[in-house]
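# Summary of the model geometry
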Amino acid sequence: MRKYLLLFLVFSVSLFVLLVGFNFQSDAIADNEYVGTDTCKGCHKDYYDSYAKSIHAKKAIPGSPANREGCESCHGPGGVHADKGGGKGVAIFAYNKKMSPMERSAKCLGCHRDSRHLVNWDVSRHKTADVSCDNCHSVHWATKGKNLLKAPEPDVCYTCHKIIRAQVNKQSHHPINEGKVKCSDCHNTMGTFNVKTMLKADSVNELCYKCHAEKRGPFVFEHPPVVENCLICHQVHGSNHSYLLDKKTPQLCQSCHNVAFHQTYPFNKQDTFTGTKPFFKAGLVARSCRNCHTNIHGSNGDLFLR
Amino acid sequence: MTCVIPGFNAFSEDLTIEGELAGTGEYIGVTGEGGGKAKFTEYRDLKEHGGFYGRGRFDLDAPDYFLRFNMTDPGYTDQYYDLEGGMYGKFKLDLFFDEIPHNVTFDAKTFFLGAGHDVLVGTPNANVATWNTFDYSTERKIYGGSLKFDMFKPFFFDVSYTSEKKDGIKPAGVFDFDTFGSLFEIPEPVSYLTNQVNLSAGYSQNPLFLSFNYFYSRFNNSNTYLFIDPAALTAPDNLLSLPNDNDFYKLAFKGAIKLPFNTRFSTNISYGKGTSETTFVPSYDGKVKRYNYDVILTSNPIRCLDAKFYYKYYKWDNKSDVDPAVVEPSFFTYRTATYGTDFGLRLPYRFYFTAGYKYVDTKRSFHQAPGEELPDNKDNIFYTELKWNGLDFMDLRVGYERMDRQTIWPNLIAHYTPDNPARMFAYQAQDMNAFNAYIDVYPIDNLNIGFGYKYKKSNYEGDGVAGGVAGPGFFGLKKDQRNDFNFSIDYVIGKIAKVFGYFDFEKIKLYQDQFSLEVGAPWQVDQRDITYGFGIGADIYVIPNKLTFKFLCNYVNANGAADYSLDPATFGLTGLPINLNQWDDYTKYGIGFKAIYTVTKNLTSWVGYAFERFKYSDDQLNNYQYVFADSFFGAPGTAYLTGAYKNQSYRANIVFAGASYKF
């Protein structure tokens, strides 16, 4: 037992040293010098022009690259790169796969760390998933609009979140593709205290109530799952079922409710408009349970949410 | 305009002014009934037979300040305006106005007069041809602004305000519970006003961040109730309560401090209070207090390791009061406590491994109703992901998540009466497994190919009661299984063309185990939902920078069904069709062509054609009847509907031409 313990300790320490050593390898280029933005412009005019038009070239902003080393504020000293005749990533910090996401983000955070918009970056799901700033933003080739995005919302988000794209394309959906609701209306991609979903509120319901305040209540007669979490019944991005419901009524309601009277019956084809042997058509057709239980989010008039 | 604006289309060191004005004339031909025409313009204002749609942009950029203006569709019910300006590094002001329509069904019908108002007058009759028509449609008009001050960095101050007016009509339903006579689908008036203000002030400079926030929201409904003519419904069923006025405020403190070894401690502490009132129950005093505490510790002590520890406490405490002689009080309160940790490890050869654990403890109770109960839950959630980008042309990611939910009933046997053997899937014991895998390939420059797959299965377990004895398993939702698959491709062919495409597939299977107390027999239902969609598009640069052809095609198909397992003889359904095979089935596709010709550096024109088709079928709406005989709790009665969501299919042809001028 002692032998195995010793072996485990030796292995752990070795692994630790190896990982630490590996991660302290430096890519720094020794004896490098700043050459100035005009030198960069000589070979990279397109990049220079896009930088010059961007907010990064504003001297009015304290600490902006325009008040520091220009292009070399982000890409590092270009002396050796210029001496070697240039080349993609040669002796210069390039935003490509040769640099890890953490290294690429660190360059941006070098200046933007103090921003109140990035205060929760360390807790964000994007950082945990090793998403770097340049996955979504571009200094040089940003689309017209805010925040220097590579593409407008939601396209930039769909690059990774393809399942969300599929949901938004469904027949019942928030008007995301129509441009009336943006991903950033509900999510803060830089991180929030909602660690996994990065919602811009302390709870799902508080977020929903910002646009759907009529459901906030409180009501005299409540529907507890409504109060607790809208997502118990709804799909937020898109659904095949009206009202963004996750499941179709009456089965959604029957997932929870089985009290005597009418709730427990299997509403079937015979309960449709043309059924010949119905039990209770109004339990299935049109809006189903909500034909009577209309105040499903809460009622001030009736215990049964009518 | 170009003569007036100095330095037109020139990048001068002092001032840059640029902008664009665009207009598109469209002819639109829509075929469809009221439901279809509303579906076609669900969130858009596209006039049948077309119109002229504008778009504009103005950007003024100086070394110290900027001004930007954007507008789309001026004069239409989906118009948008945004004016933003400020001084760099000092302040930024943003003002906007936005309209969002939501069209559900045009030409709905009712025998009532007064649709859109809080009084409906009319005598029930089956002569649908004489009924009055109206639209189920709502419109939001939102205006607001925000001001962000950075003048006194590191101190900051932000304020924002929005006001939203929502008007229109939405479907509602009322029923004659006294005599079990008639059911009425009715137009409910929507006349809401929501005002919100948000104030934030603080300090942000490494290593410290502090902010204080105040949020206030007030909701007003112009209508308290909807009154229905006694000729249709008698009291008290002829008075439908509507969403009541309410308000909510929140005070929050957020802080973060950087500690040694790249560690950061963050906290969010907030208190909120909501109130409401209603004339329906004058003694009701609606009050909710809500508490939220978050603490998170993140650390990146060595380059290869990210660690996070977090705790969250959230309580929704309903402290409402009401006269118990009038209404038996039962106000729902819950709280959750979440403890979690996750680690990210950067391994050799560009592997990145993350793993985490989260424990969520949820307690539920009813204020002023100790006899009522809902269960408590304890969730153990594990998740892990491995990401690899060791090859320049490929990224790979696989992940797994598992949740075990325990349910604790304070008194299970007392709750599960023969009258209420419900599972309540939202609270019941559950084990959930989810698996996902994604691969992105970049074999050559300008070509991206992506594949993704996600699988999720939830089994709802837990105890119920049978014959007065607690035991495993009971009624309701038992299984929820979802498969998602997606594929995408983007390829830029030099300066000749760009092609892109995607394919999505989703399959959902739900299984419910139920018992009919009316008939005294069990039954089961299997629901499935299969959705697939694809999109392809191409931009072809026929003459680079001069003539471009654009092509786009989108397609979505959904097919659902509910298959029943039961004894037909027991349910009196022998030899009759039972399964519901048209279950939110639809096909939605669009195809568009556009030719863009650059006349001059500033002037661009285009012409194009688009076709859209939406074909919808659902057993709940097919062969629609506005009036039909029904049996309500064994008594004969009549149902009167208005056509909400009826016949949503449509076909639309759009021919358009337009031009834009950039300056």
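Just so it is clear, the model here is predicted, and its values are computed rather than measured.

### Focus: the overall build of chain B
Tallying secondary structure elements over chain B gives two helices and 33 strands in all. Seen through its C-alpha atoms, chain B measures out along the principal axes to roughly 80 × 70 × 50 Å. Summarising the internal contacts of chain B: among those between residues at least 6 apart in sequence, 62% fall at separations of at least 24.

### Regarding the overall build of chain A
Tallying secondary structure elements over chain A gives 13 helices and two strands in all. Counting all 306 residues of chain A, 42% fall into the buried class. Within chain A, contacts between residues separated by at least 24 positions form 46% of all contacts whose residues are at least 6 apart in sequence.

### Here's the deal with the domain arrangement of chain A
Residues and elements named next belong to chain A. According to the domain assignment, chain A contains domain 1 (41-85), domain 2 (99-200) and domain 3 (213-291). The distance between the C-alpha centroids of domain 2 and domain 3 comes to 35 Å. Within the residue set of the side of domain 2 that touches domain 3, elements represented by two or more residues are helix H9 (162-168) and strand S1 (172-173). Among the elements that line the side of domain 2 that touches domain 3, the one with the most residues is H9, at three residues. For the side of domain 2 that touches domain 3, the class distribution of residues is two nonpolar, six polar and one charged.

### Quick look at the pairing of strand S11 (residues 225-228) of chain B
Residue and element names in this part refer to chain B. Here S11 shows a clear split, with Leu226 and Ile228 buried on one side and none of Tyr225 and Phe227 buried on the other. Where strand S6 (residues 119-120) lies against S11, two bridges are found, and the strand directions are parallel. Residue pairing for S11: leucine 120 is matched across the bridge by isoleucine 228. Relative to strand S12 (residues 239-241), S11 runs antiparallel, the two being bridged by three bridges. Counted as the bridge partner of tyrosine 225 is serine 241 from S12.

### Some thoughts on the interface of chain B and chain A
At the interface, 143 residues of chain B touch 89 residues of chain A. In terms of residues, the side of chain B that touches chain A owes the most to one element, strand S26 (residues 497-516) of chain B, which gives eight residues. Taken together, the residues that form the side of chain B that touches chain A break down as 70 nonpolar, 48 polar and 25 charged.

### Some remarks on the confidence of the model for chain B
Put simply, chain B has an average pLDDT of 91, and 94% of its residues get 70 or more. Contacts of residues 1-12 of chain B to residues separated by more than four positions or lying in other chains number 15 contacts, the stretch itself having pLDDT below 50.

### Notes on the sheet that holds S6 of chain B
The strand order across the open sheet built from three strands is S6-S11-S12 (chain B), with neighbouring strands paired in mixed fashion. Edge strands, defined here as strands with exactly one partner in the open sheet, are S6 and S12 of chain B.

### Quick notes on the pairing of strand S15 (residues 286-299) of chain B
Residues and elements named next belong to chain B. What you see with S15 is a clean split: Gly286, Val288, Arg290, Asn292, Asp294, Ile296 and Thr298 sit on the buried side and Lys287, Lys289, Tyr291, Tyr293, Val295, Leu297 and Ser299 on the side with no burial. Here strand S14 (residues 263-276) runs beside S15; their pairing, made up of 14 bridges, is antiparallel. Directly across from threonine 267, in S15, lies its bridge partner valine 295. Judged from the 12 bridges that link them, S15 and strand S16 (residues 305-318) form a sheet pairing that is antiparallel. For tyrosine 293, the partnering residue across the bridge sits in S16 and is tyrosine 313. The turn linking S15 back onto S16 is made up of five residues.

### What about the confidence of the model for chain A?
Looking at chain A, the pLDDT average stands at 86 and 89% of residues meet or exceed 70. Mean pLDDT per element in chain A: helix H1 (residues 2-23) of chain A is the minimum at 56, and helix H11 (residues 204-209) of chain A is the maximum at 97.

### What about the environment of serine 283 of chain B?
All names here are of chain B. The residue serine 283 is located in the loop between S14 and S15 in this model. Considering only alpha carbons, one finds serine 283 and valine 322, 39 residues apart in sequence, at a separation of 5.3 Å. Setting aside chain neighbours within four positions, we find serine 283 in contact with Val322, Asp323 and Val326.

### A few points about the nonpolar core
With 47 residues, the main nonpolar core has Val174, Leu183, Phe184, Ile186, Ile228 and Ala644 of chain B as its most contacted residues. Ranked by residues supplied to this core, first place goes to strand S9 (residues 182-205) of chain B with five residues. Cys256 of chain A together with Tyr427, Tyr460 and Leu477 of chain B belong to the second largest nonpolar core, which has nine residues in total.

### Here we look at unusual backbone geometry
Residue and element names in this part refer to chain A. The residue after glycine 217, namely proline 218, is reached through a cis peptide bond having omega 5 degrees. The omega angle of the peptide bond from threonine 249 to proline 250 is 5 degrees, so this bond is cis rather than trans. The topology assignment puts proline 250 in the loop between strand S2 (238-239) and helix H13 (251-254).

### Section: helix H6 (residues 101-112) of chain A
The periodicity of an α-helix, 3.6 residues per turn, causes residues three or four places apart in sequence to face the same way. All names here are of chain A. For H6, with 12 residues, the first-to-last C-alpha span of 16 Å sits near the 16 Å given by 1.5 Å per residue. Among the residues of H6, those classed as buried are Pro101, Arg104 and Ser105. In an axial view of H6, the angular spread of the buried residues amounts to 90 degrees, which keeps them on one side of the axis.

### Details of the environment of glycine 75 of chain B
Residues and elements named next belong to chain B. In this structure, glycine 75 sits in the loop between strand S3 (65-72) and strand S4 (80-87). Glycine 75 sits in the exposed class, given 10 other C-beta atoms within 10 Å. The spacing of glycine 75 and phenylalanine 353 is 278 residues in sequence and 53 Å in space, taken between C-alpha atoms.

### Thoughts on the environment of threonine 278 of chain B
Relative to the elements of secondary structure, threonine 278 of chain B occurs in the loop between S14 and S15. Judged by local crowding, threonine 278 of chain B falls into the buried class, with 23 C-beta atoms found within 10 Å. In contact with threonine 278 of chain B, other than residues within four places in its own chain, are Val220 and Asn300 of chain A together with Ser241, Asn244 and Tyr284 of chain B.

Thresholds applied
- Residues numbered from 1 in each chain as written.
- Chains lettered and ligands numbered in written order.
- Predicted model: local features only at pLDDT ≥ 70, side-chain atom pairs only at ≥ 80, totals over all residues.
- Helix = DSSP H or I, 4+ residues; strand = E, 2+ residues; numbered from the N terminus.
- Contact = placed C-beta atoms within 7 Å.
- Buried ≥ 20, exposed ≤ 12 C-beta atoms within 10 Å, placed from the backbone.
- Domains from an automatic or database assignment.
- Nonpolar A, V, L, I, M, F, W, Y, C, P; charged D, E, K, R; others polar.
- Pairing = 2+ DSSP bridges.
- pLDDT = per-residue confidence, 0-100.
- Core = buried A, V, L, I, M, F, W, Y, C linked by C-beta atoms within 7 Å.
- Expected span 1.5 Å × (residues − 1).
- Arc of directions from axis to C-beta.

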